[in-house]
Amino acid sequence: MTDRYAVIGNPIGHSKSPLIHAAFAQATGQDIQYTAIEGPLDGFRHTVDTFAAAGGCGINVTIPFKMQALEIATDPMESAQLAGAANALKFEGGRVFAQNFDGLGLVNDIQRNLGVSLAGKRVLICGAGGATRGAVLPIAAQKPALIAVANRSADKAHALRADFARHVNLQTGGYGELVGESFDVVLNATSTGLSQDELPLPEGVYAAGALAYDLVYGKGLTPFLRQAQVRGVCHIADGVGMLVEQAAEAFEWWRGVRPDTKPVIARFTVPLV
């Protein structure tokens, strides 16, 4: 019997998730059907309940429903609770399990695909929103020397530090407070990758041999990555690997088998020019 999965978002036409999971299923011999569903903005829960009642096994969740996905979970995992959002649900015996694999996908891409170990490194995350919340614990698990979070509103960054205080000691503040500091890995978790805005990062923020990583994907050379290049950073990357790696985590959670991500990443990689 074919098991049914889906991705739910609004809008959803741009989603690559059906293609990614179809590739995973073919490579691993899994009998699944994976579709894209555009959920009404005022009807996410009804959409999920309808899908589950019809025999759906699990869903991925994208913008703008990740916080609502956490709210309807009966069994949220810690990754989702601390992120304040879920990007994957699993339905079993009337229970709704929730995970957030975005941060783990990011870490897997950086370490497995880009070959950059986070252990002992100084890591800067730009932005203090949901993407950063999902990334903090998976990064902390790799034992970096420091995780700093910078945001245009320093208060928002400080609030995030308080929320994670039991788990990790974060350095937080505004961009101006980064003067005189340098980092081995700089992550853009803001929405500037979708605009033409540059982040107000001070000179010298990139250490020698640093990685600049924009979590958005498929946009080519974003303002963040262009700025890094101008400052001499040679190792730059966008979030296509993160997208595929988080999908692989969900696929393994649902199906119990780990797909090979490298061919799928290569398929969707856009040159950074």
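Reading the values: the criteria
- Residues numbered from 1 in each chain as written.
- Predicted model: local features only at pLDDT ≥ 70, side-chain atom pairs only at ≥ 80, totals over all residues.
- Heavy atoms only, no water.
- Helix = DSSP H or I, 4+ residues; strand = E, 2+ residues; numbered from the N terminus.
- Buried < 20%, exposed > 50% of the residue type's maximum accessible area, 1.4 Å probe, protein only.
- Contact = heavy atoms within 4.5 Å.
- Areas by Shrake-Rupley, 256 points an atom, 1.4 Å probe, with all protein chains shown as cover.
- Expected span 1.5 Å × (residues − 1).
- Phe/Tyr/Trp six-rings, centres within 6.5 Å; stacked < 30°, edge-to-face > 60°.
- Lys NZ or Arg CZ within 6 Å of the ring centre and 35° of its normal.
- Core = buried A, V, L, I, M, F, W, Y, C linked by side-chain atoms within 4.5 Å.
- Pairing = 2+ DSSP bridges.
- Axes fitted to C-alpha atoms, helices over the stretch in contact; angles between N-to-C directions.

Asker: Is there a simple way to explain the overall build of the protein in this structure?
Answerer: Within the protein, the secondary structure is distributed over ten helices and twelve strands. For the protein, the spread of C-alpha atoms along the principal axes amounts to about 60 × 35 × 35 Å. The burial tally for the protein puts 52% of its 273 residues in the buried class. Summarising the internal contacts of the protein: among those between residues at least 6 apart in sequence, 66% fall at separations of at least 24. Summing over all exposed atoms, the protein offers an accessible surface of approximately 12,000 Å²; the carbon and sulfur share of this is 52%.

Asker: What should I look at first to understand helix H5 (residues 102–113) in this one?
Answerer: Along an α-helix, a turn takes 3.6 residues, which lines up residues three or four apart on a common side. With twelve residues, H5 should cover 16 Å at 1.5 Å per step; its first-to-last C-alpha distance of 16 Å lies within 8% of that length. Buried residues of H5: Asp102, Gly103, Gly105, Leu106, Val107, Asn108, Asp109 and Ile110, and no others. Buried residues along H5 sit against helix H3 (66–71), helix H6 (130–140), strand E10 (183–188), strand E11 (206–214), helix H9 (240–255) and helix H10 (262–268).

Asker: Even after reading the chapter, I still don't get the packing of aromatic side chains, so can you show me in this structure?
Answerer: Centre-to-centre distance and the angle between the planes together describe a pair of aromatic rings. By the definition in use, this model includes five aromatic pairs. Plain terms: the ring middles of Tyr34 and Trp254 are 6.5 Å apart, the flat faces sit at 45 degrees to each other, and that makes the pair tilted. On the criterion of sequence distance, the pair formed by Tyr34 in strand E2 (residues 32–38) and Trp254 in helix H9 is long-range, its members being 220 residues apart. Lying across the ring of Phe183, Arg122 places its NZ or CZ 4.9 Å from the centre.

Asker: I keep staring at the nonpolar core and nothing clicks. Help me out?
Answerer: Across soluble globular proteins, nonpolar side chains show a tendency to be buried alongside one another. Ranked by size, the top nonpolar core spans 27 residues in total, and within it Leu106, Ile110, Ile125, Ile139, Leu170, Leu187 and Tyr213 carry the most contacts. Of all the secondary-structure elements, those providing two or more residues to this core are H5, strand E7 (122–126), H6, strand E8 (146–150), helix H7 (154–163), E10 and E11. Among all residues touching Ile110, those that are not within four sequence positions of it are Gly115, Val116, Leu118, Leu187, Leu211 and Tyr213.

Asker: I would appreciate a short explanation of the pairing of strand E5 (residues 88–92) in the present structure.
Answerer: Consecutive side chains of a regular strand alternate in pointing toward one face of the sheet and then the other. Taking burial as the measure, the five residues of E5 include four buried ones, the bulk of the element. Where strand E3 (residues 56–61) lies against E5, three bridges are found, and the strand directions are antiparallel. By the bridge assignment, Asn60 is partnered in E5 with Ala88. With five bridges joining them, E5 and strand E6 (residues 95–99) adopt antiparallel strand pairing. Directly across from Leu89, in E6, lies its bridge partner Ala98.

Asker: Would you mind showing me how to read the sheet that holds E2 here?
Answerer: Strand order in the open sheet formed by six strands is E2-E1-E3-E5-E6-E4, with mixed pairing between adjacent strands. The strands lining the two open edges of the sheet, one partner per strand, are E2 and strand E4 (75–76). Against the sheet, helix H1 (residues 17–28) makes contact with strand E1 (3–9), E2 and E3, and its axis sits at roughly 175 degrees relative to E2, the strand it touches most. Each of E1, E2, E3, E5 and E6 touches H9; the most contacted strand, E5, lies at about 5 degrees to it.

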